[in-house]
Amino acid sequence: MHEPVISISNLTRRFGAKTALNEVTLNVPAGSVFGLVGENGAGKSTLIKHILGLWRAESGKVRVFNLDPVADPVSVLGRIGYLSEQPDLPDWMRVHEFLRYTQAFYPKWDANYVEELRQQFALDPNARIRVLSKGQRAKLGLLAAQAHRPDLLLLDEPSSGLDPIVRNDILTAVIRTVTDEGRTVFFSSHLLEEIERVSDHIAMLHRGKLVLCGALDDVKAHHRRITLRFDKPRSEAPRVSGTVMVTGAGRNWTVICNSSVPTRQAIAVDRDAEIVDEGAASLNEIFIAYAGEPLPATSMA
Amino acid sequence: MTIRVNPASGVPLYLQLIEQLKLAIETGAIRAGEQLPSIREMAEELLINPNTVVRAYRDLETEGIIALRHGAGAFVCASVVPRAKLMNKAQAVVQSAMDQLASLDLTEDEIRRLVENELGGRRSRKPVRKKYA
């Protein structure tokens, strides 16, 4: 197999007393769409800044294209297209000036592709960036991030606060990037529906710790939602192996668990309970289950 | 042919795509010999990961419903007998049942669970469990 495009091992980062990243280890396979989820402040942007080489690893190791992004920023950044939540664009420039200016940094800039995207996004080349709407700014940022056909497209909360049409443009760009010569996309989002649509790998950060990481299909196949009805009311939550979260009271309890499909009989016989409902947990349920309380890391890789 | 997938449901996207394509073929919306959209077209149309489309197409190929011709695309196999009349009749039954359920103010997820549960119950009463065996 190909070696991973991004390889992070035991990355830890502290800001004063706060641990922003705690022993994070993950690999992003070439040609994948890797979705990073986590609530605000979970450490997503901090992780991305390490991938970009903006911050040096305090402890642990970060490699992008098998290079150290801090030691070799030119080689690494030249192959990355980056779009942040609020693209930092020079307000006083016109659209065409900004594109010409950005082009100077990238030897592999594809002017025909830029023109194609500019027309598709309906961006006026003579408009001042100052007068662009939030959606138009995002499109311009996306255009500049893609123009050199980067090997790695890195998107930090790209669709936060945007209307559905611009969000679709961003998702189309993600899909086009991977169908095109198997390039790689890494993007963070708190919109689980987006992650679930386009990702094939996901990682979940919770308070700086990686609580979940693996192929999306595996993650979904391993997590089940089971609703139990007990013969007698219980004062404490039932114990089911691999439990991530339990909710309920009295006779009815719902368990989100991470294990190979537990047989109906095993649970029912052991617990004097009947399974009233069982099914695959949605990513949203899995996310809430892990974000509910701190839990040890689980790897599915 | 209108294909829609819903990422928020617990059902994996590739299975949703398989079910939708099967339905389109069974109802005659896509006929034998016709070409399916390319992997890229389908992925961009539905805004889903291209690998999801690949997986769905491969599974349909294994089931003998479509044929993947290298470089040319995916075609619906001639051997697939459309059960159009039957399926259209069944679709009407499902539609009226759904209307009744919806009037009871049930959510989509609740309806799906009821249907799954009913199918599961029937399966477990039969000696051979086809789907999960």
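Moving on to the interface of chain A and chain B. Contacts between chain A and chain B engage 21 residues on the former and 19 residues on the latter. A combined buried area of about 1800 Å² lies between chain A and chain B, and 50% of that area is made up of carbon and sulfur atoms. The largest per-residue losses of area from chain A upon contact with chain B belong to I175(A), T179(A) and R197(A), which jointly make up 32% of the total buried on that side. For the interface between chain A and chain B, the tally reads two salt bridges. Of the charged contacts, one joins R176(A) and E44(B) as a salt bridge, the two residues approaching to 3.1 Å between their closest N and O atoms. Scanning the region where chain A abuts chain B turns up seven residue pairs in polar contact (both at pLDDT 80 or more). Broken down by secondary-structure element, the contributors of at least two residues to the side of chain A that touches chain B are α6 (164–179), α7 (192–198), α8 (216–222) and β12 (273–280) of chain A. Top contributing element to the side of chain A that touches chain B by residue count: α6(A), with seven residues.

Here we take up the pairing of strand β9 (residues 209–215) of chain A. Residues and elements named next belong to chain A. Along β9, five of the seven residues are buried, which leaves the element largely enclosed by surrounding structure. In this structure, strand β8 (residues 201–206) lies alongside β9, joined through six bridges in antiparallel fashion. Residue pairing in the sheet places I202 in a bridge with G214 of β9.

All names here are of chain B. Looking at chain B, the domain boundaries give domain 1 (13–76) and domain 2 (84–125). Placing the centre of domain 1 and that of domain 2 at their C-alpha centroids yields a distance of 24 Å. Contact with domain 1, which involves four residues of that partner, is made by four residues of domain 2. With both chains or domains summed, domain 1 and domain 2 bury close to 330 Å², and 62% of this area falls on carbon and sulfur atoms. Summed over the three residues of domain 1 that lose the most area to domain 2, namely L23, E26 and T27, the buried surface amounts to 98% of that side. Remark: the boundary between domain 1 and domain 2 carries zero salt bridges. Taken together, the connections running from domain 1 to domain 2 amount to zero residue pairs in polar contact (both at pLDDT 80 or more). Of the residues assigned to the side of domain 1 that touches domain 2, the class counts are one nonpolar, two polar and one charged.

This part is about the packing of α6(A) against helix α2 (residues 39–46) of chain B. Two numbers describe how α6(A) lies on α2(B): the axes approach to 9 Å, and their chain directions differ by 160°. It follows that α6(A) is roughly antiparallel to α2(B) by the angle criterion. Along this stretch, α6(A) crosses α2(B), giving a crossing that reads as right-handed. On α2(B), the residues touching T172(A), I175(A), R176(A) and T179(A) of α6(A) are R40(B), A43(B) and E44(B). Here the contact of α6(A) with α2(B) is composed, by residue class, of two nonpolar, two polar and three charged.

A separate point is the sheet that holds strand β11 (residues 243–258) of chain A. Residue and element names in this part refer to chain A. An order of β11-β10-β12 is seen for the three strands of this open sheet, with the pairing classed as antiparallel. Looking at strand neighbours, the two that pair on one side only are β11 and β12, the edges of this open sheet. Across the sheet, the mean angle from the axis of one strand to that of its neighbour is 20°, orientation sign disregarded. When strand β10 (residues 223–234) meets β11, the two strands line up antiparallel, connected through eight bridges.

Take the nonpolar core next. Ranked by internal contacts, the top residues of the largest apolar core, which has 79 residues, are L140(A), L155(A), L17(B) and L21(B). Setting aside residues no more than four positions away along its own chain, L17(B) makes contact with I3(B), V5(B), M42(B), L46(B), I48(B), V53(B) and A56(B). Counting 27 residues, the second largest nonpolar core, distinct from the first, contains L36(A), A42(A), I80(A) and L154(A).

A few words now on the domain arrangement of chain A. Residues and elements named next belong to chain A. Domain annotation for chain A reports domain 1 (6–207) and domain 2 (220–291). Placing a centre on the C-alpha atoms of domain 1 and another on those of domain 2 gives a separation of 38 Å. In this complex, domain 1 contributes nine residues to the contact, which on the side of domain 2 involves seven residues. Between domain 1 and domain 2 the total buried area reaches about 710 Å² when both faces are included, carbon and sulfur atoms providing 76% of it.

When charged atoms on two side chains of opposite charge get close, those side chains can pair. All names here are of chain A. Per the counting criterion, the structure on display carries 18 salt bridges over all chains. Measuring nitrogen to oxygen at the nearest pair gives 3.8 Å for the salt bridge that ties R14 to E58. Placement of the pair is R14 in strand β1 (residues 6–15) and E58 in the loop between α1 (44–51) and β4 (59–64), with a sequence separation of 44 residues. A salt bridge links R79 to D151; the shortest N-O distance between them is 2.8 Å. Of the two residues, R79 sits in the loop between α2 (73–77) and β5 (80–83) while D151 sits in the loop between α5 (134–146) and β6 (152–156), which places them 72 residues apart along the sequence.

Thresholds applied
- Residues numbered from 1 in each chain as written.
- Chains lettered and ligands numbered in written order.
- Predicted model: local features only at pLDDT ≥ 70, side-chain atom pairs only at ≥ 80, totals over all residues.
- Heavy atoms only, no water.
- Contact = heavy atoms within 4.5 Å.
- Buried area = accessible area lost by both parts, 1.4 Å probe.
- Salt bridge = Lys/Arg side-chain N within 4 Å of Asp/Glu carboxyl O.
- Polar contact = N/O pair within 3.5 Å; in protein donor to acceptor, adjacent residues only side chain to side chain.
- Helix = DSSP H or I, 4+ residues; strand = E, 2+ residues; numbered from the N terminus.
- Buried < 20%, exposed > 50% of the residue type's maximum accessible area, 1.4 Å probe, protein only.
- Pairing = 2+ DSSP bridges.
- Domains from an automatic or database assignment.
- Nonpolar A, V, L, I, M, F, W, Y, C, P; charged D, E, K, R; others polar.
- Axes fitted to C-alpha atoms, helices over the stretch in contact; angles between N-to-C directions.
- Parallel < 35°, antiparallel > 145°, perpendicular 65-115°, else oblique.
- Left-handed = near helix turned anticlockwise from the far one by under 90°.
- Core = buried A, V, L, I, M, F, W, Y, C linked by side-chain atoms within 4.5 Å.

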